[in-house]
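Notes for the structure review
Letter by letter, the chains look like this.
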Amino acid sequence: MRPEAEQAVLAAMRTVGNASSTHRSGRAAARRVDTARRQVAELLNCTPGEIVFTSGATEANNLALRAAFSVGGALVTSTVEHPAVLETAKNLTGEVPGTLRLVPVNEDGLVDLDALHDALAGGGVAIVSLMAANNETGVLTALAPITEAAHAAGALVHTDATQMAGRLPIDLAETHVDLLSLSAHKFGGPQGVGALFVRRGIPLPYRPLIFGGGQERGWRAGTLNVAGIAGAGAAAEAALHGMAHERARVAGLRDLLESALVEQVSDCRINGALGLRLPGVTSITFHGAPADAVLAAMPDVAASEGSACASGAPSPSHVLLGMGRSRDEADSTVRFSLGYASTDRDVIQAVSSTVRAVRQVRAAMSTPA
């Protein structure tokens, strides 16, 4: 967590009022929420009234897709989305045959725009949901042509911007998506808090997952997590102010990590469009070295097999399979992440540990290092 976020959380925990109450301590809590709503809105360049606080991007994704699908029509998404989108989409469309349309990606992880146009040409699309940046490869999605095509077909557009928010600029005055999800912990805020952007004026009835009150304009019932929300706002403000510097510095660290591993480890491959990626995410396949064994051999490195959310899952990465990688390649891929707090020393230590772990695993499997 960023120091600014930690300080905001601790200060808010001393505010015991319910942000929905009108007494003095309730108004104090409400002011902290209002400040955070403004800070998150500034990160996205939207209005505070368009921000709905949630428990994270998973809940925000569910809210967005359920609300849009309730209007009627098909749901279009890609084969490489985060499970929070894919599983929700499958659940929503499971009892309505033909309403889920999956768009493939190419070997670099870029959305097939021709396939998207084909999916839209079928008509009757309620929503198109495509992530702004992939959580495993860091590959970016060009949202402008997607929103243009979707809106021309009468569909709303949702993007899961969990990986991009706070790392690369997002200008919702220029990027005309209708709904956007994020999680605070991805840009240095606390875990367990996120937000859904809902563009003002779109024809969308809210469909809450939690009933019982009118909080968050009816989108989410329950007493607000004032401390978490305050931390999210403080992190958003710090990320916005430091973004230009952090973006360049973290990209340099990623490049250092990749070049060192490619130089010192034979037969490895970086996955995804190299020129269209987040600055701090890299997916590397170490052929002949199963990722679970590599990770077990380097417990000092906080990396994962594919998505951190699916780490430990028995099935290979659906993202890499969707990019045309084999099961063996997907099983031999490690995802590394870097952030605002990462240092040169972290990278040097990670390279050393990874090289040693891959060589150890390959030797055990009698594979040339």
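As recorded by an unreviewed UniProt entry, the chain carries the name cysteine desulfurase and is attributed to Streptomyces caeni. Quoted straight from UniProt, the Catalytic activity (unreviewed entry) entry for the chain says "(sulfur carrier)-H + L-cysteine = (sulfur carrier)-SH + L-alanine". Quoted verbatim from the Sequence similarities (unreviewed entry) field of the UniProt record, the comment on the chain reads "Belongs to the class-V pyridoxal-phosphate-dependent aminotransferase family. NifS/IscS subfamily."

What follows covers the overall build of the chain. Across its full length, the chain carries eleven helices and ten strands. Computed over the C-alpha atoms, the radius of gyration of the chain is 21 Å, within 12% of the 21 Å expected from 2.2 N^0.38 for a compact globule of 369 residues. Principal axes of the C-alpha set define a box for the chain whose edges measure 70 × 50 × 35 Å. Expressed as a percentage of the 369 residues in the chain, the buried residues total 54%.

Within the secondary structure, E50 sits in the loop between α2 (24-44) and β1 (51-54). Buried E50, no salt bridge; nearest opposite-charge side chain is R200, N-O distance 4.8 Å. A polar contact of 2.9 Å, which involves the side chain of E50, links it to the backbone nitrogen of R200. When near neighbours in sequence (up to four residues on either side) are disregarded, E50 contacts L196, F197, V198, R199, R200 and R217.

With that settled, the discussion passes to the nonpolar core. Counting 69 residues, the largest nonpolar core has L44, I51, V128, L180 and F187 as its most contacted members. Sort the elements by how many residues they give to this core and helix α7 (residues 226-264) lands first, with ten residues. Discounting chain neighbours no more than four positions away, the residues touching L44 are I51, I170, D171, L172, L180 and L182. Counting residues in hydrophobic clusters, the runner-up holds 25 residues, among them V250, L253, V294 and V351.

For the rest of this paragraph, the subject is the packing of helix α5 (residues 113-121) against helix α6 (residues 143-152). Taken N-terminus to C-terminus, the directions of α5 and α6 make an angle of 15 degrees; their axes are 10 Å apart at the nearest point. As summarised for this structure, α5 and α6 are arranged roughly parallel, according to the angle between their axes. Judged by the sense of rotation from one axis to the other, the crossing of α5 with α6 is right-handed. Residue-level inspection shows L113, L116, H117 and L120 of α5 in contact with α6, the latter providing P145, I146, A149 and A150. Within the contact of α5 with α6, the residues separate by chemical class into seven nonpolar, one polar and no charged.

What follows covers the side chain of T159. Assignment of secondary structure puts T159 in strand β5 (residues 156-160). Within the local environment of T159, its side chain forms a polar contact with the backbone oxygen of L130, the two atoms lying 2.8 Å apart. Contacts of T159, omitting those with residues within four sequence positions, involve L130, M131, A132, L143, V177, L179, L180 and S181.

For the structure shown, the criterion picks out eight salt bridges. Across the pair R37 and E216 runs a salt bridge, and its minimum N-O distance is 2.8 Å. Taken together, the positions of R37 in helix α2 and E216 in the loop between β7 (194-198) and α7 put the pair 179 residues apart, joining distant regions of the chain. With a closest N to O distance of 2.6 Å, R277 and E258 form a salt bridge. Note that R277 is positioned in the loop between β8 (268-270) and β9 (281-286) and E258 in helix α7, a separation of 19 residues in sequence.

A word on α7. Compared with the 57 Å implied by 1.5 Å per residue over 39 residues, the 48 Å span of α7 between its first and last C-alpha is markedly short. Of all the bends in α7, the greatest, near 70 degrees, is centred on M243.

So, on to the pairing of strand β6 (residues 179-183). The buried fraction of β6 amounts to five of the five residues, a majority that puts the element mostly inside the structure. Here β6 shows a buried face lined by L179, S181 and S183 and a second buried face lined by L180 and L182. Alignment of β5 against β6, held across three bridges, turns out to be parallel. Looking at the pairing, H158 lines up with L179 of β6. Alignment of β6 against β7, held across five bridges, turns out to be antiparallel.

On to the sheet that holds β7. Ordered by their spatial adjacency, seven strands build an open sheet running β1-β7-β6-β5-β4-β2-β3, and the pairing between neighbours is mixed. Of all the strands in the sheet, just β1 and β3 (100-103) have a single pairing partner and so form its edges. Mean inter-strand twist for the sheet, computed between neighbouring axes without regard to direction, equals 20 degrees. Sitting on the sheet, α2 touches β1 and β6, and the angle it makes with β1 is about 115 degrees.

Quick notes on the rules
- Residues numbered from 1 in each chain as written.
- Predicted model: local features only at pLDDT ≥ 70, side-chain atom pairs only at ≥ 80, totals over all residues.
- Heavy atoms only, no water.
- UniProt positions renumbered as here; feature names shortened; annotations may be inferred.
- Helix = DSSP H or I, 4+ residues; strand = E, 2+ residues; numbered from the N terminus.
- Rg over C-alpha atoms; globule rule 2.2 N^0.38 Å.
- Buried < 20%, exposed > 50% of the residue type's maximum accessible area, 1.4 Å probe, protein only.
- Lys, Arg positive; Asp, Glu negative; His and termini not counted.
- Salt bridge = Lys/Arg side-chain N within 4 Å of Asp/Glu carboxyl O.
- Polar contact = N/O pair within 3.5 Å; in protein donor to acceptor, adjacent residues only side chain to side chain.
- Contact = heavy atoms within 4.5 Å.
- Core = buried A, V, L, I, M, F, W, Y, C linked by side-chain atoms within 4.5 Å.
- Axes fitted to C-alpha atoms, helices over the stretch in contact; angles between N-to-C directions.
- Parallel < 35°, antiparallel > 145°, perpendicular 65-115°, else oblique.
- Left-handed = near helix turned anticlockwise from the far one by under 90°.
- Nonpolar A, V, L, I, M, F, W, Y, C, P; charged D, E, K, R; others polar.
- Expected span 1.5 Å × (residues − 1).
- Bend = angle between axes of the 7 residues up to and from the residue.
- Pairing = 2+ DSSP bridges.

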